[in-house]
Amino acid sequence: MTAARLRASASGALVLMFALLAWRFASFLNLGWNAVRWPFEIDYAEGIVWQQAEMIFSRGAYGAIDGFPTIVFHYTPLYHGLVSALSAMTGWDMLYTGRGVSIAATLAVAALAGTITARAAPAQVTGRGRLMMAAGSGLALFALYPVVLSGLVMRVDFLAVVFSLSGLWLGLKAYQRPGLIHGAALCFVAAVFTKQSVIAAPAALFGVMLLLRPRLALTGIATCIVTGLAALLSFNMLTDGGFVRHIFLYNINRIDWGRLLLVPRIAAMHTPLIVAALLAVSFRLAEMRTRRYGQPWRSIADDGNDLAWVTIRVYLLTTSLTLITVAKVGSFVNYLIEWTIVIALIAGCGLASAVRAVQQKTESDAPDMRAVLGAVVIPVMIGVHALTFQGPDIASKWTADKFAAMQALSARVRAADKPIISDEMVLVRRSGKQVVWEPMIFVELASTGIWDERSFVQRIRNQEFAMFITTTSEHDWSPAVRSAMEAAYPMQDSVNHYTVRLPKDEK
């Protein structure tokens, strides 16, 4: 293949790739537009997050769980506080506000991923080429299953990733402007106080920085520790010790190692993108070995592009290590968000060969096979992934028939004169009722002995609830709760994929 033919092939591959990625981006925006108008549940967690956001500035936040009603707060409070404040200031519906924050955060994450990719581009890539790499990396996020599913719903995940990637970006810039390390540290602390498990980015940044600029790393770590402890102590004091109990004690779920099969299933859904990322790593390493031959490891600190690239690779390692948490009962695809984002980021970095081939204006020797693979195969694989990607079937949740059925069920919930226990907690909030108890988390707490379910079981036997609304499998209920529910609420009705259980002689 001649250089001219390679340039033409790379140009065609990039055009096709960008067209397919733009299609996926438009699809995400369309889903987002519909998500902020759908009044009922898209994701199980939304209802309980809505209830928590409603309570976040009250004395009930992170409160005792030995009474009734009782709510466990799964996450640290920044997302809840932001959504609650925005809803109060604007008068917008809190569910739609929460989804809007998630969608905006997802777009911000894509922009940050692109910015970091441009930073990691080889020095030979010009500004226009870096922009193309950034766009490819950022748009690739909208062909990631965990991103599409979790980026549309009222969850804490993407706001946490925004803070985390912002910290990574500022940390990379801190090599040249050391004062920015404090900004990076504050972003990492904000990420942890949005979702306490988001630690992969600071681990990657400070891990590399400790080898290259230990004093700078220790400064950032110290800032994280001081500000993090100050925030922790403040929140714990404001909640009379409840903050630590909820975040650290009440979130210890059982382990089911079979749930780790979710990782290869999600990986299989992104096979072409992973192939592109593997090729990108191989080619960049070969280039760096050639260019850095005979120079020590510390010489990477002299090249901000190589340094960013190495940090991204370490970030992939740290996110991979966090995948062990998928074994927790109750884990979901949101546990793989950062991992898939870093894969897309690395694949985007692999576009360097393609943009360099396109920008090469002078004739040169015939390119070798590595140049052909990098310039053509990587953008083709990203495009193939965008074309074949099977996203979550979210749109099926908001058909006219399902809307009518949920509206009718909402009217029944609204008319109830007793509390409702429901797997569909958005329905409860939408109907003007409070979520008084969440099934999944209290099954875990009962199984570990942290929460005594006997008083709740007695409430069921006493028929103190108007109805139970469960998923068809009723898998989120402990044996004692299920047995009491079946005895006291035997009458069943079906609405969409929910079972409505009513007391004896009532339907």
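Residues numbered from 1 in each chain as written. Predicted model: local features only at pLDDT ≥ 70, side-chain atom pairs only at ≥ 80, totals over all residues. Heavy atoms only, no water.

1. A word on the pattern of salt bridges
For side chains bearing opposite charge, pairing can occur when the charged atoms are close. So the rule is basically this: Salt bridge criterion: a side-chain nitrogen from Lys or Arg within 4 Å of a carboxyl oxygen from Asp or Glu. The helix and strand labels rest on DSSP assignments: H or I over at least four residues marks a helix, E over at least two residues marks a strand, and numbering proceeds from the N terminus. Think of it in three bands: residues with accessible area under 20% of the maximum for their type are buried, residues over 50% are exposed, and the middle band is partly exposed, with areas taken using a 1.4 Å probe on protein chains only.
Evaluated as defined, the whole model comprises 12 salt bridges. Across the pair Arg-155 and Asp-43 runs a salt bridge whose closest N-O atoms are separated by 2.8 Å. Of this pair, Arg-155 sits in the loop between helix 6 (145–150) and helix 7 (157–173) while Asp-43 sits in the loop between helix 1 (3–35) and helix 2 (45–55), and the two are 112 residues apart along the sequence. With a relative accessible area of 9%, Arg-155 lands in the buried category. Owing to a relative accessible area of 7%, Asp-43 belongs among the buried residues under this scheme. Among the salt bridges present, the one from Arg-99 reaches Glu-46, with a minimum N-O distance of 2.7 Å. Of the two residues, Arg-99 is situated in helix 4 (residues 94–120) and Glu-46 in helix 2; the sequence distance between them amounts to 53 residues. The two residues Arg-99 and Glu-46 agree in class, both being buried. Taken together, the salt bridges that share partners define one network made up of Asp-43, Arg-155, Asp-157 and Lys-195.

2. A look at the sheet that holds strand 1 (residues 420–422)
Strands belonging to one sheet form pairs held by backbone hydrogen bonds; the direction of such a pair is parallel or antiparallel. As a reminder, the rule being used: A strand pair is defined by DSSP finding two or more bridges across the two strands. In this analysis, axes come from line fits to C-alpha atoms, helices being fitted only over the stretch in contact, and the angle between any two N-to-C directions falls in the range 0 to 180 degrees.
Read across the sheet, 4 strands follow the order 1-2-4-3 without closing on themselves; strand pairing throughout is mixed. Since the sheet does not close on itself, it has two edges, and those belong to strand 1 and strand 3 (491–495), each with one partner. Neighbour-to-neighbour, the strand axes of the sheet open up by a mean angle of 20°, direction not taken into account.

3. Some details on the packing of aromatic side chains
Cut-off, in case you're wondering: Working definition: rings of Phe, Tyr and Trp (its six-membered ring) pair if their centres are within 6.5 Å, and the pair is stacked with planes under 30 degrees apart, edge-to-face with planes over 60 apart, and tilted otherwise. The criterion is that NZ of a Lys, or CZ of an Arg, lies within 6 Å of the ring centre and within 35 degrees of the ring normal, and then a charge sits over that ring.
The final tally for this structure, using the stated rule, is 24 aromatic pairs. Taking the centre distance of 4.0 Å and the plane angle of 20° together, the rings of Trp-437 and Phe-456 count as stacked. Of this pair, Trp-437 sits in the loop between helix 19 (425–430) and helix 20 (439–448) while Phe-456 sits in helix 21 (residues 454–461), and the two are 19 residues apart along the sequence. On the basis of relative accessible area, Phe-456 is assigned to the buried category, the value being 1%. Relative to Phe-468, the ring of Phe-465 lies with its centre 5.7 Å away and its plane at 80°, an arrangement referred to as edge-to-face. Both residues of the pair, Phe-465 and Phe-468, count as buried. Taken together, Phe-68, Trp-437, Phe-442, Trp-451, Phe-456, Phe-465, Phe-468, Trp-477 and Tyr-489 form an aromatic cluster joined through their ring pairs. Over the face of the ring belonging to Trp-23 we find Arg-24, whose NZ or CZ atom lies 4.2 Å from the ring centre. Cation over ring: Arg-430 sits above Tyr-96, and NZ or CZ is 5.2 Å from the ring centre.

No statement about biological role is implied by the geometric values presented.
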